Amino acid sequence: MDFEEIIKHLGDFGCYQKRLYYLLCFVSSSCAIQVLLTVFTFGIPEYRCTHPDLKNGTFYEKGVNESSSEFEYENKIYQQCTISTRSTNNTSLENVTECDEWVYDESVFQSTIISQMDLVCEKTIWKSHAQMLLAVGQLIGCALVGPLSDRFGRKNTLCTFLICLMVTTISVVLSPNIVAILTFYFFIGTAITGTFTPAFILGMELVGPSKRSLTGCIINYFWSFGSIVLAGMAYFIRNWKYLQLSLAVPNIFLLSYFWFIDESPRWLISKGRYKEAEKIIQKAATVNKVVIPEGVLKKNVEVTNNENQSVTKMFTSWTLVKRTVIIYINWAACSLTFYGVALHASSLSGNLFLNFFLISAVELPGFIICNVLIDRLGRRILYCSSMMFCGLSLIMTTLPILFADESFNWTVTLLAVLGKLGITAAFANLWIYTSELFPTVVRNSGVGSSSMMARLAATSSPYVANIGLMIPGAIGKAAPMIIFGITSIIAGLLALLLPETKDRLLPETIEDVEQFTK
């Protein structure tokens, strides 16, 4: 049974495929929400020390200096992390001690994990730890999901991880302490990759060759849609537990996949389960209103195994080694910057919710730019241009941060949004470009290991994005953008050493790579 032959009669993207594909795309939206939710659940409000007598007071008590989060009570000065007294000549502070009780500004967040558990002052680093463990979970999930989906099937793996995602995202609100929360975030990260990857594979395996590029892009739009939904929900729900639950409970509806999603016929055929595959194919033919010739279904095909070789085979050719290193660097740079800029939204001046919405919404035109120009300009030129545009935009944010007053804060947001536009177009391009650069025999290994490099880089993006928590002032705000910008420019320039793949036959073997160099 040859599925490529069957798809010619079934149709590349008929009603059956569309129905299943768009259902699966909602997984992308759910994953985007959970990846970026920490921007709000770990939001850091303005805070200052408080006195036991004022424990039930508000952040804006009479006498507070709003700009410095400073409050004076019974001849003591209550600041963010310390309590002190004024010297006799009122020129300095003395008897400085650290405090252990705080009061929080509730004008932006009613409640966050930070304010509920008093993770302030030097403890704000827990925010970065949480975001890092989420990324580590994704990295582990990336290593697990491929073998599991190949052995147990796309649908079974997807539904199993959907249950894990639903349970962990709901249970996190019951966590008694920060260690429990971080543990749940690790498993949430694992479940995110465990759901997104088989959903993506299942959707793509149902589609014919002429529509694979289109469907590969549409799922990205659903990711952006999820980010936009998160911005809106976070604006209206300022309590982190209610926000977490309101975005986790709808995942229950995704469990309907047990009944509405069929297993991949390609996978069933690869496992020799022809009767099950034929049943699904006939169902698809009925929905698509086509007839599959009996001879096509019964045709015995000798499977030619263009062996998928080990990732170590990529390092047997010096040309392929250089290409692989450049590709790994670019995946790491794209991941670091793409997620870093989104996480840094909470550190930008102005309205957090508007900033996050703009940084999320600009992904849509980024994907569109990639879709429209990739076959016109070519992969290399478009990719390098996008990375350079991103890098220069982010570096330029340092000018208003360091040298302008607050009236120019809008330019920082604008340039950050433009940087996100560039990195989105580059990242969408990189998926296609990478799959065309590796020869067929190591393509799965090449793309898979590249994705692992991206996940690995994502584990450091929270610490870069949150540098401002450790380095106060303008330098702390500018440093992340400088790092993201320089990284993007260096990676973009290195990519100029890669060959163009537009309108070229792709390499099949490692030997072909030696001829595929311009």
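What counts and how
- Residues numbered from 1 in each chain as written.
- Predicted model: local features only at pLDDT ≥ 70, side-chain atom pairs only at ≥ 80, totals over all residues.
- Heavy atoms only, no water.
- Phe/Tyr/Trp six-rings, centres within 6.5 Å; stacked < 30°, edge-to-face > 60°.
- Helix = DSSP H or I, 4+ residues; strand = E, 2+ residues; numbered from the N terminus.
- Buried < 20%, exposed > 50% of the residue type's maximum accessible area, 1.4 Å probe, protein only.
- Lys NZ or Arg CZ within 6 Å of the ring centre and 35° of its normal.
- Axes fitted to C-alpha atoms, helices over the stretch in contact; angles between N-to-C directions.
- Left-handed = near helix turned anticlockwise from the far one by under 90°.
- Contact = heavy atoms within 4.5 Å.
- Nonpolar A, V, L, I, M, F, W, Y, C, P; charged D, E, K, R; others polar.
- Expected span 1.5 Å × (residues − 1).
- Polar contact = N/O pair within 3.5 Å; in protein donor to acceptor, adjacent residues only side chain to side chain.

Undergrad: Would you take a moment to explain the packing of aromatic side chains for this structure?
TA: Note on aromatic pairs: each is described by the distance of the centres and the angle between the planes. Applying the stated criterion to the full structure yields 21 aromatic pairs. Arranged with centres 5.7 Å apart and planes meeting at 85 degrees, the rings of Tyr235 and Phe353 form a pair that is edge-to-face. Of this pair, Tyr235 sits in helix H8 (residues 212–236) while Phe353 is found in helix H15 (residues 352–361), placing the two residues 118 residues apart along the sequence. Relative accessible area serves as the criterion here: at 6%, Phe353 is assigned to the buried category. Directly above the ring of Tyr235 sits Arg238, whose terminal nitrogen or CZ lies 5.0 Å from the centroid. The ring of Phe338 carries the charged tip of Lys420 above its face, separated from the ring centre by 4.7 Å.

Undergrad: Can you help me understand the packing of helix H7 (residues 178–205) against H8 in this one?
TA: Helix-helix packing: each pair is described by the crossing angle between the helix axes and the interaxial distance. The geometry of H7 relative to H8 is characterised by a closest axis approach of 10 Å and an angle of 145 degrees between their N-to-C directions. Pair H7 / H8 crosses with right-handed handedness. Judged by residue contacts, Phe196, Phe200 and Met204 of H7 engage Arg212, Thr215, Gly216, Ile219 and Trp223 from H8. Per-class residue counts for the contact of H7 with H8 are 5 nonpolar, 2 polar and 1 charged.

Undergrad: What's the story with H7 in this structure? I'm lost.
TA: Because each turn of an α-helix spans 3.6 residues, side chains separated by three or four positions end up pointing in the same direction. With 28 residues, H7 extends 41 Å between its outermost C-alpha atoms, agreeing within 8% with the 40 Å of an ideal straight helix rising 1.5 Å per residue. With 20 of 28 residues buried, H7 is to be regarded as a mostly interior element. Where H7 begins, the capping side chain belongs to Asn177, and its oxygen is found 3.2 Å from the backbone nitrogen of Val179.

Undergrad: I tried to follow the environment of Asp512 on my own but got confused; where do I start?
TA: Among the structural elements, Asp512 can be located in helix H24 (residues 510–513). Given a relative accessible area of 31%, Asp512 falls into the partly exposed group.

Undergrad: Which parts of the structure should I look at to understand the side chain of Thr411?
TA: Considering the arrangement of structural elements, one finds Thr411 in helix H19 (residues 409–437). Taking the relative accessible area as the measure of exposure, Thr411 reaches 15% and is therefore buried. Within the structure, the side chain of Thr411 is placed 2.5 Å from the backbone oxygen of Phe408, a separation counted as a polar contact.

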